[in-house]
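Read off the chains here:
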Amino acid sequence: MADPGALAVLLGAFLFLLLIGTPVAFALGIAALATVWWMDLPPVVVFQQLSSGMNVFSMLAIPFFVFAGDLMMRGQIADRLVALASAMVGHMRGGLGQVNVVAATLFGGVSGSAVADASAVGGVMIPQMRARGYAPDYAVNVTANAALIDLLIPPSHNMILYVIAAGGALSVADLFTAGIIPGMLLMAVLMFTAWAVAVRRGYPREKFPGWGPLLRLLVGALPGLMLIVIIFAGVRSGIFTATESAVVAVLYALLVTTLVYRGLSASGFREAVLGAARTTGMVMLIIGTATAFGWLMALLQVPAMTVALMRGITTDPLLTLLLVNVILLVLGTFMDMAPLIMIGTPIFLPVVTQLGMDPVQFGVVMILNLGIGLITPPVGPVLFVACAVGGVSMWEATRTSLPFYAAAVAVLLAVTYIPGLSLWLPTVFH
């Protein structure tokens, strides 16, 4: 039987700490400690859960993927991908908006991080767009929304988190494969949206450089793009696991950035190491405290109560899925992605599986849903980074973000209600 007092302490303490500006990891940990104190349990159980949450072998893939992406970002790969994308689609109306979306897609296959994309691709594209007469809010909105594509295509380390939060029984290779078509769909819809807004605002198109220069740019970018092939083909074929593929990605990134592109300096390597260490430390602490928090929610029967509550609201599967999406979208406006994956998966996965949704499909839905939260105020870290690069406030960017936001939500609904978008490609490889 759930203890209402303990549940009130757990959720109340967590929400209060968030409201006063406490970092999410500390809010989760302190709320868990306060709850075990209320329940008269030994505090050591929180630290045991924290340790067990971080002590997962497959979690090693996360720091290596982060490190590989950081190396490629500092090794001039972003500049080459932007140049290639410009030659491919820059001649379309609002060409630099199209370039931004395609470059984000290409860079996503290298970094797997939406924040890194907004920083790297945005750092190259936003100044160019402003210099050619594009409004800053347009440049920022295209950059922030295009960065969401990174979350869906390999190597998205958030998908590894989802696999762990779902109990570790799912295949990382299936998740990687399932995100490809939704990622390409999001790219196409955002390109159309960027084009439509550009036409309405009268933005220019770039000159097509010709097939010869395009081919040379493709050859120049090919060593970096091969990282996508190595990771996906290696994991999908079973040559190596996701963790092993992350190590291979680091070694390959070092070779490409030092021997092929010769763009990685000693200081850049040092910054990449320190950046990966900081990011890993932050992510691991969040995962550990979220595991302790999630264990208490399971102990207090929150998942079972959530299922019962949703059944009380509606028994219609379509409305239930819509309700799950709305709840996750709201939560994503003030919580970061990693803790929400760790906490939300054990709560909502039983709900959707009872409706017949495949756990792999729900993984793609959750990743995209929480990704939209990364561009939604008041927190919105990806939007914040894009605004900082573009030199505009979040309010200025948000005022004109509706077409792009609606495009992302439309893709989310399509992935939610059309299982084949995420489940067809994995079946091809089985």
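As the structure is a computational prediction, the values presented were derived from the model and not from experiment.

Draft legend 1. Structural detail: the UniProt feature "transmembrane region" (unreviewed entry) in the protein chain. With numbering matched to this structure, UniProt assigns "transmembrane region" (unreviewed entry) to residues 51–71, 184–203, 215–233, 239–261, 282–302, 322–352, 364–392 and 404–425. As annotated, residues 322–352 comprises 87% helix and 0% strand, and the C-alpha atoms at either end are separated by 11 Å.

Draft legend 2. The arrangement of the packing of helix 2 (residues 24–38) against helix 14 (residues 266–299) in detail. Running from amino to carboxyl end, helix 2 crosses helix 14 at an angle of 35°, the nearest separation of the two axes being 8 Å. For helix 2 against helix 14, the interelement crossing comes out left-handed. Within the contact between the two elements, helix 2 uses Ala25, Phe26, Leu28, Gly29, Ala31, Ala32, Thr35 and Val36 and helix 14 uses Leu285, Ile286, Thr289, Ala290, Ala292, Phe293 and Leu296. A class-by-class count of the residues in the contact of helix 2 with helix 14 yields 12 nonpolar, three polar and no charged.

Draft legend 3. Geometry of the nonpolar core. Formed by 155 residues in total, the largest nonpolar core has its most connected members in Tyr138, Leu186 and Phe362. Setting aside anything within four residues of it in sequence, one finds Tyr138 in contact with Gly94, Gly97, Met129, Ala194, Val197, Ala198, Arg201, Tyr203 and Phe404.

Draft legend 4. Fine view of the packing of aromatic side chains. Per the counting criterion, the structure on display carries 11 aromatic pairs. Both rings, one in Phe208 and one in Trp211, keep their centres 5.4 Å apart while their planes meet at 70°; by these two values the pair is edge-to-face. Exposure remark for Trp211: the relative accessible area of 67% places this residue in the exposed category. Among the aromatic residues, those joined into a cluster by ring pairs are Tyr134, Tyr138, Tyr203 and Phe404.

Draft legend 5. The pattern of salt bridges, seen in detail. Considering all chains together, one arrives at four salt bridges under this definition. Where Glu271 meets Arg74, a salt bridge forms, and the shortest distance between an N and an O atom there is 3.0 Å. Taken together, the residues Glu271 in helix 14 and Arg74 in helix 4 (residues 61–74) connect sequence positions 197 residues apart. For Arg74, a relative accessible area of 29% corresponds to the partly exposed category.

Draft legend 6. Broad picture of the confidence of the model for the protein chain. Scored by pLDDT, the protein chain has a mean of 87; 99% of the residues are at 70 or more. Model confidence for the protein chain, summarised as mean pLDDT per element, is weakest for helix 15 (residues 302–313) at 80 and strongest for helix 21 (residues 402–417) at 96.

Draft legend 7. Highlighting helix 14. Its 34 residues place the ends of helix 14 49 Å apart at the C-alpha level, agreeing with the 50 Å of an ideal helix rising 1.5 Å per residue. Where helix 14 terminates, the next one or two residues include Gln301, which has phi positive at roughly 65°.

Draft legend 8. Expanded view of the environment of Ser119. By the element assignment, Ser119 lies in helix 7 (residues 114–131). For the pair Ser119 and Thr320, spaced 201 residues apart in sequence, the C-alpha to C-alpha distance is 36 Å.

Definitions and cut-offs
- Residues numbered from 1 in each chain as written.
- Predicted model: local features only at pLDDT ≥ 70, side-chain atom pairs only at ≥ 80, totals over all residues.
- Heavy atoms only, no water.
- UniProt positions renumbered as here; feature names shortened; annotations may be inferred.
- Helix = DSSP H or I, 4+ residues; strand = E, 2+ residues; numbered from the N terminus.
- Axes fitted to C-alpha atoms, helices over the stretch in contact; angles between N-to-C directions.
- Left-handed = near helix turned anticlockwise from the far one by under 90°.
- Contact = heavy atoms within 4.5 Å.
- Nonpolar A, V, L, I, M, F, W, Y, C, P; charged D, E, K, R; others polar.
- Core = buried A, V, L, I, M, F, W, Y, C linked by side-chain atoms within 4.5 Å.
- Buried < 20%, exposed > 50% of the residue type's maximum accessible area, 1.4 Å probe, protein only.
- Phe/Tyr/Trp six-rings, centres within 6.5 Å; stacked < 30°, edge-to-face > 60°.
- Salt bridge = Lys/Arg side-chain N within 4 Å of Asp/Glu carboxyl O.
- pLDDT = per-residue confidence, 0-100.
- Expected span 1.5 Å × (residues − 1).

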